[in-house]
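Structural features, examined
So you can see what is in the structure, the chains are spelled out below.
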Amino acid sequence: MKRQLALIRFALGSAHRRTGRTLSLAVALALVTFGYSSVLFLTEALRSEFRLAATALPDLTVQSLVAGRPALINEEQLPAIASIAGVVAVQPRVWGYYFVPAMSGNFTVVGVDTDAETVRRDLSLVMLEGKLPGASGEVVLGESLAAFLGLEITDAVTLPVGRAMKRLELVGTFRSQVALWTSDVILMNVADAREFLQVPPGQATDLAVLLSTPDEASVAARKIAELLPSARIVDRQLMSRTYDLTFDTRGGMMGGMLLSALVSFLILAWDRLTGVGPGERREIGVLKAVGWRTGDVLIARLWENTVIAVYGAVPGILAAYGYVFLARAPGLAEVLLGWSSIYPALRLTPAVDPGQFLVLLCLVVIPFVAASLIPAWRTATHDPHGLLRGAA
Amino acid sequence: MIRTWPSPTTRWHLAWAGLLLAGAVAMLVDAQVRRAAQQARQPEVQSVVRLLGVADLALSSSSRWLRHPSIAEPGAPFADGPAILDNDPAGAAISPPRASERGRHSERK
Amino acid sequence: MRTDQHAMIQATSLSKRYRSGHVEKVALCQVSLAIPRAEFWIVSGPSGSGKTTLLALLAGMIAPTEGEVVLDGKSITHLRDHHRALARRNLVGMVFQEFALVAGMTLAENIFLPLVPQGGPGETERQRVRALLERFGMAAYARTQVERLSAGERQRGAIIRALVADAPILMLDEPTAALDTENVRIMVDLLLSLRAEGRTIVATTHDRRLTEDPRLNGVLRLVDGRLER
Ligand SMILES: Nc1ncnc2c1ncn2[C@@H]1O[C@H](COP(=O)(O)OP(=O)(O)OP(=O)(O)O)[C@@H](O)[C@H]1O
Ligand SMILES: [Mg+2]
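Residues numbered from 1 in each chain as written. Chains lettered and ligands numbered in written order. Predicted model: local features only at pLDDT ≥ 70, side-chain atom pairs only at ≥ 80, totals over all residues. Heavy atoms only, no water.

**Regarding the overall build of chain C**
Within chain C one finds seven helices and 10 strands. Relative to its length of 229 residues, chain C is compact, with a C-alpha radius of gyration of 17 Å against a globular reference of 17 Å. Counting the 229 residues in chain C, one finds 55% classified as buried. Counting every atom, chain C has about 10,000 Å² of accessible surface; 47% of that belongs to carbon and sulfur. Distance between charge centres in chain C, computed from 30 positive and 26 negative side chains, equals 3 Å. (Helix = DSSP H or I, 4+ residues; strand = E, 2+ residues; numbered from the N terminus. Rg over C-alpha atoms; globule rule 2.2 N^0.38 Å. Buried < 20%, exposed > 50% of the residue type's maximum accessible area, 1.4 Å probe, protein only. Areas by Shrake-Rupley, 256 points an atom, 1.4 Å probe, with all protein chains shown as cover. Lys, Arg positive; Asp, Glu negative; His and termini not counted. Charge placed at Lys NZ, Arg CZ, Asp CG, Glu CD.)

**A short note on the overall build of chain A**
Counting its secondary structure elements, chain A contains 14 helices and 13 strands. Since a compact globule built from 392 residues should have a radius of gyration of about 21 Å, the 30 Å found for chain A marks it as more spread out than a globular shape. Principal axes of the C-alpha set define a box for chain A whose edges measure 95 × 50 × 40 Å. Within the span of chain A, comprising 392 residues, buried residues form 54% of the whole. Considering only contacts within chain A whose residues lie at least 6 apart along the sequence, 79% involve residues at least 24 apart. Carbon and sulfur atoms form 62% of the exposed surface of chain A, whose accessible area is close to 16,500 Å². (Contact = heavy atoms within 4.5 Å.)

**Examining the packing of aromatic side chains**
Aromatic ring pairs: the centre-centre distance and the angle between the two ring planes describe each pair. In this structure the tally under the stated criterion is eight aromatic pairs over all chains. With centroids separated by 6.1 Å and ring planes inclined at 85°, the aromatic side chains of F41 of chain A and Y321 of chain A adopt a geometry described as edge-to-face. With F41 of chain A in helix 2 (residues 19–54) and Y321 of chain A in helix 11 (residues 294–326), this pair connects stretches of sequence that are 280 residues apart. Each ring, one from Y98 of chain A and one from F196 of chain A, has its centre 4.7 Å from the other, and the planes form 55°; the classification is tilted. Residue Y98 of chain A is located in strand 4 (residues 87–100), and its partner F196 of chain A is located in helix 7 (residues 190–197); the two are separated by 98 residues in the primary sequence. The pair Y98 of chain A / F196 of chain A is uniform in exposure class, with both members buried. Among the aromatic residues, those joined into a ring-pair cluster are F41, Y321 and F325 of chain A. In this structure, R126 of chain C is placed above the aromatic ring of F112 of chain C, and the distance from its NZ or CZ to the ring centre is 5.8 Å. (Phe/Tyr/Trp six-rings, centres within 6.5 Å; stacked < 30°, edge-to-face > 60°. Lys NZ or Arg CZ within 6 Å of the ring centre and 35° of its normal.)

**Considering the environment of N183 of chain C**
Residue and element names in this part refer to chain C. Relative to the assigned elements, N183 resides in helix 6 (residues 181–196). Among the residues examined, N183 registers a relative accessible area of 29% and is labelled partly exposed. With 51 residues separating them in the primary sequence, N183 and L132 have C-alpha atoms 18 Å apart.

**Describing the pattern of salt bridges**
Throughout the structure, instances matching the rule amount to 33 salt bridges over all chains. Residues R47 of chain A and E44 of chain A are paired through a salt bridge, measuring 2.9 Å at the closest nitrogen-oxygen approach. Here the residue R47 of chain A and the residue E44 of chain A both occupy positions in helix 2, the gap between them amounting to three residues, near one helical turn. You can call R47 of chain A buried: its relative accessible area is 10%. A residue is classified by how much of its surface remains accessible, and E44 of chain A, at 17% relative accessible area, is buried. With a closest N to O distance of 3.2 Å, R50 of chain B and D122 of chain A form a salt bridge. One end of the pair, R50 of chain B, is in helix 2 (residues 42–52); the other, D122 of chain A, is in helix 4 (residues 117–126), on a second chain. Residue class for D122 of chain A comes out buried when judged on its relative accessible area of 8%. Each member of the salt-bridge network shares a partner with another, and the members are R17, R18, R21, E280, E283, R301 and E304 of chain A. (Salt bridge = Lys/Arg side-chain N within 4 Å of Asp/Glu carboxyl O.)

**Examining the sheet that holds strand 1 (residues 7–20) of chain C**
All names here are of chain C. Here four strands make up an open sheet; going across it, the order is 2-1-4-5 and the pairing antiparallel. The open sheet is flanked by strand 2 (23–36) and strand 5 (74–75), the only strands paired with a single partner. Examined bridge by bridge, strand 4 (residues 66–71) and strand 5 share two bridges and lie antiparallel to one another. Residue pairing for strand 5: V70 is matched across the bridge by S75. Packed onto the sheet, helix 1 (residues 51–58) meets strand 1, strand 2 and strand 4 and runs at close to 120° relative to strand 1. (Pairing = 2+ DSSP bridges. Axes fitted to C-alpha atoms, helices over the stretch in contact; angles between N-to-C directions.)

**Considerations on the pairing of strand 7 (residues 138–141) of chain A**
Residue and element names in this part refer to chain A. Of the two faces of strand 7, both are covered, the one formed by E138 and V140 as well as the one formed by V139 and L141. For strand 7 and strand 9 (residues 164–174), the ladder comprises four bridges, and the chain directions are parallel. Bridged to L141 within strand 9 is T173. Pairing geometry for strand 7 and strand 10 (residues 185–189), over two bridges, is antiparallel.

**What about a nonpolar patch on the surface?**
All names here are of chain B. Nonpolar side chains collect at one region of the surface, where L21, V25, V29 and V33 lie side by side and expose about 370 Å² of accessible area between them. Structurally, L21 can be placed in helix 1 (residues 8–40). Residue classification places L21 among the exposed residues on the basis of a relative accessible area of 58%. (Patch = residues over 30% accessible without salt bridge, like charges linked within 9 Å, V, L, I, M, F, W, Y side chains within 5 Å.)

**Side note on the domain arrangement of chain A**
Here chain A is described as being made up of domain 1 (2–53 + 244–388) and domain 2 (59–235). Taking only C-alpha atoms into account, the centre of domain 1 of chain A sits 47 Å from that of domain 2 of chain A. (Domains from an automatic or database assignment.)

**Remarks on the sheet that holds strand 8 (residues 200–205) of chain C**
Residue and element names in this part refer to chain C. The mixed open sheet is built from six strands, whose spatial order is 6-7-8-3-9-10. Edge positions in the open sheet fall to strand 6 (92–95) and strand 10 (226–228), since each of these has one partner strand only. Neighbour-to-neighbour, the strand axes of this sheet turn through a mean angle of 20°, independent of strand direction. Relative to strand 9 (residues 218–223), strand 3 (residues 40–44) runs parallel, the two sharing four bridges. Within strand 9, the residue paired with V43 across the bridge is L220. Of the strands in this sheet, strand 6 and strand 7 (169–173) are in contact with helix 5 (residues 151–163), which crosses strand 6 at around 165°.

**So, the site of ligand 1**
Close to ligand 1 lie 15 residues, the nearest being S47, G48, K51, T52 and T53 of chain C. Looking at what sits near ligand 1, you find residues from chains A and C. T53 of chain C places a polar side-chain atom, nitrogen or oxygen, 2.6 Å from an oxygen atom of ligand 1. Protein contacts shield 76% of the accessible area of ligand 1, which totals 630 Å² for the unbound molecule. Counting residues per element, the ones that place at least two in the shell around ligand 1 are strand 2 and helix 1 of chain C. Sort the elements by how many residues they give to the shell around ligand 1 and helix 1 of chain C lands first, with three residues. Its residues assigned to classes, the shell around ligand 1 shows four nonpolar, seven polar and four charged. (Near = heavy atom within 4 Å. Polar contact = N/O pair within 3.5 Å; in protein donor to acceptor, adjacent residues only side chain to side chain. Nonpolar A, V, L, I, M, F, W, Y, C, P; charged D, E, K, R; others polar.)

Have a look at this one:
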């Protein structure tokens, strides 16, 4: 213990003495850590946002395929599905996308049963202002979409539907807390949505199935598949996995780019960063000459490099945190999320906890320390006389 | 005379390490506070998901085509597995070429 | 060579060959010697004759190609690196020609360097170093960075470091190289006082002022890696 303390003190002194090496290493490590942590923080935050919502998703979504493509689904099998054991409710949903060429924006149109009690309760919870929609032509918009269209409450806009025009009146907007879900949404009653999306009566976009025991999703799915052989049935788990994969793919791509940058950086700077310069060789020679064992030299070196790595990595992580959660990741968010006409205000919640912080730290510190120990070990096994002469 | 503890060097290190520790603690506390705020907003989020039935966040490119993975086409080329849903049908960091939008425009007229 | 029961430093047919590439250089050839406890010996010889090599071998800084070194009755030649390091610290204090001080550290830090792996200086060591600094007239420089010291001051600092672990043997490589006549006299007086305390001292030099001092116990002459009698 006393020995370790003395070696740590010596290592701190060494880190201080070799200011140039310490600083350049710490800065380099901070940059690397910053890159990795930013990607990780952003993807993790998006995932945690998704997890928040996942439990509210329908257990199964049933959708029809025609010619291998998603198509409208017929409502005639509704009672048959509802009578399957374990199915609590089946709900035909009318929703879809609406592209406005003039604004090159693609909006999500959602039709809801504005008379249902549960819908009214949910709506009143998530609407910022205005009244609940009810009558034909009344819509609720996402905040950024309303701003994008330049609409205020009670304003109206006329949009083309096929050859006709449809007048929509803004009666309310969604709260910004749910902007991540609603920024591109136009919510209206089902009849309007059918008209808007040209969904004929008796058909729906898809069917949402609610189960009494979500664990039996696969059993229910098999039975539904027997009723509707051409349907595709998506369970919530698959959706979660798909979602995770989306950001794994993008995060992985970013990570890959960072990795190649990191590797080229290491190849270029390897010797300077982890190598043992002539001055350091001589110093190791002095230490061995005055009676240090190879192990002592290595432990001191290990402490020194650990200290440097921590000094670099922690600011890197902190900077990444500030960049992602305070500055909202300008630059990185675009790459990770993709291009869009409407960007919702990115309100991200960090998923970082002490455990994750430590893992992140170790991911940087351990490889670096291990890598830089090898050249030190190779030097330290030489005899002191040779090291001091500058030979060997 | 020879006693060197705590030397200016050590003091400098202690200060820097303390600063980093304080930063880390501040970060973790901030994260905890934000997570609590997120939990507090869970009822709203679940309401919205129940209303819209969407799985995806309305984030840029995906939301153009993919507010709901069930709408994505199965068997898209180059997917990670043949049985898996295409997880990124749009997936571009840059906007599509202008010409493609013009074509759409005239088609609609 | 007579095996002396009381020899502090004893070497038997030491040889050292350096190899660089295909060229082999014989730096030392069949050197045997025995130096009794509390004596002051000089190794002299022209440049390149192998003086530094001999000293490094005796101090366990390098391993001999052939032969054996016995310090205070213990062979250090067949020890592993680990134990040879301990022998370097506990048996031998070495003063290198260029003093081998670490730049950027204060003199005190340099002096205590040998003690770091065992947990730093204790009160005894601090006391000892304080006394040595006074005795060598270096008390004012303890907190000075070594690169600011003059060559003579650095040398005295290196000697104090060689004494910090209270090793019974002191070896010096060219201790008079940077000194004027007056300082050579001071240096020799100092070394003699250390001998009076019971330390065994070996120094290399090609300096006449040193080799001709009558108070030495003996002078060994090296020529081309061989001991001249
Ligand atoms: N590490 C080494 N590798 C190769 N050759 C070496 C090495 N060390 C010493 N030599 C050679 O061994 C011979 C003896 O060297 P050494 O340093 O012992 O001489 P020296 O008597 O101390 O000389 P000087 O008086 O100049 O200090 C020299 O010819 C030198 O070139
Ligand atoms: Mg020499």
